[in-house]
Amino acid sequence: MKKKAFIIIIALILFIGGLAIGFLLNNDGERVPERENISGLTEDSNAQDIGASGGINATGKADSISIPGFEKMTIPANQKTVACDIFNPKHNPCYFVAVITLDGGAEIYRSGLIAPGKAIYQLTLAAPLDKGEYPATLTYYCYSLDNKTELNGATTHFILEVT
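Not measured: the values here are computed from a predicted model.

(A) Seen up close, the overall build of the chain. Counting its regular elements, the chain contains one helix and eight strands. Taking all 163 residues of the chain together, the buried fraction comes to 33%. Once local pairs closer than 6 in sequence are excluded, the contacts in the chain between residues at least 24 apart make up 71%. As displayed, the chain has an accessible area near 10200 Å², and 56% of this comes from carbon and sulfur atoms.

(B) Geometry of the environment of Phe 158. You can see Phe 158 is positioned in strand β8 (residues 154-162). Residue class for Phe 158 comes out buried when judged on its relative accessible area of 4%. When the C-alpha positions of Phe 158 and Phe 70 are compared, they lie 6.4 Å apart, and in sequence the two are 88 residues distant. Setting aside its immediate chain neighbours within four residues, Phe 158 contacts Phe 70, Glu 71, Lys 72, Met 73, Ile 100, Tyr 134, Pro 135, Ala 136, Thr 137 and Leu 138.

(C) Up close: the pattern of salt bridges. Scanning the model with the defined rule gives three salt bridges in all. Notably, a salt bridge pairs Lys 72 with Glu 161, separated by 3.8 Å at the nearest N-O pair. Taken together, the residues span a long stretch of sequence, with Lys 72 in strand β2 (residues 72-75) and Glu 161 in strand β8 at a distance of 89 residues. Among the ionic pairs, Glu 107 bridges to Arg 110, the shortest N-O distance being 3.0 Å. Exposure remark for Glu 107: the relative accessible area of 39% places this residue in the partly exposed category.

(D) Unusual backbone geometry, seen in detail. The phi angle at Asn 78 is positive, at roughly 60°, despite the residue not being glycine. Secondary-structure assignment places Asn 78 in the loop between β2 and β3 (81-88). A positive phi angle is found at Lys 148, which is not glycine, with a value near 60°. Relative to the helices and strands, Lys 148 resides in the loop between β7 (132-144) and β8.

(E) Representation of the state of the cysteines. A full pass over the atoms with the stated rule returns zero disulfides. Cys 142 takes part in no disulfide bond, and the closest cysteine sulfur, belonging to Cys 94, lies 4.3 Å away. On the basis of relative accessibility, which here comes to 0%, the residue Cys 142 falls in the buried class.

Quick notes on the rules
Residue positions are counted from 1 within each chain, in the order its sequence is given. With the structure being a predicted model, the display of local features is reserved for residues of pLDDT at least 70 and the display and counting of side-chain atom pairs for 80 or more, all residues being used for whole-chain, interface and lining totals. Hydrogens and water are ignored here; the side-chain numbers use all heavy atoms of the structure. What counts as a helix is a DSSP run of H or I of at least four residues, what counts as a strand is a run of E of at least two, and both are numbered from the N terminus. Only protein chains enter the area calculation, which uses a 1.4 Å probe; residues under 20% of their type maximum are buried, those over 50% are exposed, and those in between are partly exposed. By definition in these notes, contact holds between two residues if any of their heavy atoms fall within 4.5 Å. Accessible surface is estimated by sampling points in the Shrake-Rupley manner with a 1.4 Å probe; for residues, cover comes only from the protein chains shown. For this analysis, a salt bridge means a side-chain nitrogen from Lys or Arg found within 4 Å of a carboxyl oxygen belonging to Asp or Glu. The disulfide criterion is simple: two cysteine sulfur atoms within 2.5 Å.

In short, the description is geometric, and any link to function would need to be established separately.
Here is the structure:
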């Protein structure tokens, strides 16, 4: 009887240990990063109040996060400062940090905190781009308004058309 109880206890310990390891690892076998408090990050100085066109299609509830996206962004070739329309809908209960990355991993833009009801209408790229079409992603990192703890984010895919 003692041997059977011992085996059950060992099995439970192994099972609980396996669960703990599973929580520490994501699907790729990499350690899940801790939620980041970004108290040192400040609001983006380029963020402006959303204009008449910004956020027009963004609707939602105050207890959910709306993620705006687009199919294509067109910018001029060989310029670092370009027009855009990246916004955080007014009803969102969080800050955004917007990051544009080209397929292959090259980050070409990262904003500061964008408060709800604010938009970036002009951004500065890491480097000017040559003419062409570039598959890209716009990743929104979301942070709570009160203590700036990281929340769930989202990634949208689009074509960056450089003319």
